[in-house]
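Examining the three-dimensional arrangement
Listed here are the chains, written in short residue letters.
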Amino acid sequence: VEDAVKVRVRLFAMLREAAGIDSLELTIPPGGSIGSLVGELVEKYPRLGDLFESRHILVAVNQRYTGMDKELSEGDEVAFLPPVSGG
Amino acid sequence: MEHVRTGLQEEDFDIGREIERAKKFSRRTGGVTLFLGVARDFSQDRDVVKLEFDAYREMAGRELEEMAGEAAERFGLLALTILHRWGTIHPGENIVLIIAAAGHREESFTAARWCIDELKKRVPIWKKEFFTDGEIWVQESP
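Notes on the structure follow. Computed from a predicted structure; not experimentally measured. (Residues numbered from 1 in each chain as written. Chains lettered and ligands numbered in written order. Predicted model: local features only at pLDDT ≥ 70, side-chain atom pairs only at ≥ 80, totals over all residues. Heavy atoms only, no water.)

**Considerations on the overall build of chain A**
Short version of the rule: Counting from the N terminus, the helices are DSSP H or I runs at least four residues long and the strands are E runs at least two residues long. Just to be clear, the radius of gyration here is over C-alpha atoms, and the globule rule we use is 2.2 Å times residues to the power 0.38. Only protein chains enter the area calculation, which uses a 1.4 Å probe; residues under 20% of their type maximum are buried, those over 50% are exposed, and those in between are partly exposed. Contacts are residue-level and defined by heavy atoms, with any inter-residue pair within 4.5 Å sufficient. Positive charges come from Lys and Arg alone, negative charges from Asp and Glu alone, with His and the N- and C-terminal ends not counted. Every charge is mapped to an atom, namely NZ of Lys, CZ of Arg, CG of Asp or CD of Glu.
When helices and strands are tallied, chain A shows three helices and five strands. The secondary structure elements of chain A, listed N-terminal to C-terminal, are β-α-β-α-α-β-β-β. Here the C-alpha radius of gyration of chain A, 12 Å, is about what a compact globule of 87 residues would show, namely 12 Å. By the burial criterion, 46% of the 87 residues in chain A qualify as buried. A fraction of 54% describes how many contacts in chain A between residues 6 or more apart in sequence connect residues 24 or more apart. The positive charge centre, built from 9 side chains, and the negative charge centre, built from 14, are 8 Å apart in chain A.

**Considerations on the packing of aromatic side chains**
By convention here, two paired aromatic rings are described through the distance between centres and the angle between planes. Selection criterion: The aromatic pairing rule takes the rings of Phe, Tyr and Trp, using the six-membered ring of Trp, and pairs them if the centres are within 6.5 Å, calling planes under 30 degrees apart stacked, those over 60 edge-to-face and the rest tilted. Put simply, a charge is over a ring when the Lys NZ or the Arg CZ is close to the ring centre, within 6 Å, and near the line of the ring normal, within 35 degrees.
Evaluation of the coordinates by the stated rule reveals four aromatic pairs over all chains. Every member of this aromatic cluster is reached through a ring pair, and the members are Phe12(A), Tyr56(B) and Trp126(B). Lying across the ring of Phe131(B), Arg46(B) places its NZ or CZ 4.1 Å from the centre.

**What about the interface of chain B and chain A?**
What counts, and what does not: Two parts placed together each lose some accessible area; with a 1.4 Å probe, that loss summed over both constitutes the buried area. Criterion for a salt bridge: a side-chain nitrogen of Lys or Arg within 4 Å of a carboxyl oxygen of Asp or Glu. Polar contacts, as used here, are pairs of N or O atoms within 3.5 Å; protein pairs need one atom able to donate a hydrogen and one able to accept it. Residues neighboring in sequence count only if both atoms are side-chain atoms. When residues are grouped by polarity, Ala, Val, Leu, Ile, Met, Phe, Trp, Tyr, Cys and Pro land in nonpolar, Asp, Glu, Lys and Arg in charged, and all others, Gly among them, in polar.
Each side of the interface is counted separately: chain B has 27 residues, and chain A has 21 residues. Where chain B abuts chain A, roughly 2000 Å² becomes buried across the two surfaces, and 51% of that area is made up of carbon and sulfur atoms. Per-residue buried area on chain B facing chain A is highest for Tyr56(B), Trp126(B) and Gln139(B); these three make up 33% of the total on that side. Applying the counting criterion to the chain B and chain A interface returns four salt bridges. A salt bridge links Glu58(B) to Arg10(A), with the shortest nitrogen-to-oxygen separation between them at 2.6 Å. The interface formed by chain B and chain A contains 20 residue pairs in polar contact (both at pLDDT 80 or more). Of all the secondary structure elements, the ones that give two or more residues to the side of chain B that touches chain A are strand 4 (46–55), helix 2 (57–74), strand 7 (94–102), helix 3 (105–122) and strand 8 (125–131) of chain B. Across the side of chain B that touches chain A, the residue classes tally to 14 nonpolar, three polar and 10 charged.

Here is the structure:
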């Protein structure tokens, strides 16, 4: 039996404020994708639900932009990024 | 690529020094374009008191480095500097500095424009505007 996958989640800007936390560890089943991680996250922090639905949230794994279907590995850093507004 | 300089910093820019630094890399430099992004005191029909910048600093640093490398190569730049501030910034203060040095003006103008547009698209930095009567995370950057 494969072990569950533990990842570090990071939240920024409006997501950080809605959750009231900027970083946490979550465990998902082996072979779990970012989509399943979002499910876990919204269950834990219901206020994130609206934002994931209404905003175009991007995701980065280990500081690289990626798609929601990416499979995660143990120790990955998964960051959820609201639309950027630098400059 | 020491002719490419990028970074996130809390303190203000030393603009004169940055220009000298960009110029000194090559005697073939014929044009230097500088773009300075500044905090406005008015946005969305409201008076802005201050801005706060949040950044995914590890990733923003890497994205800046990568896009600067791309720009330097694409426009054949002799030097390029892209610096962005984070933390609290008040109206009138500087936010972002881009200096593009090239053999001729056209490449330096085009590169500076490309860099600020690209930065606004992909570098994970977020701006929050504080008004006299509320605050909001900025959604788009016109």
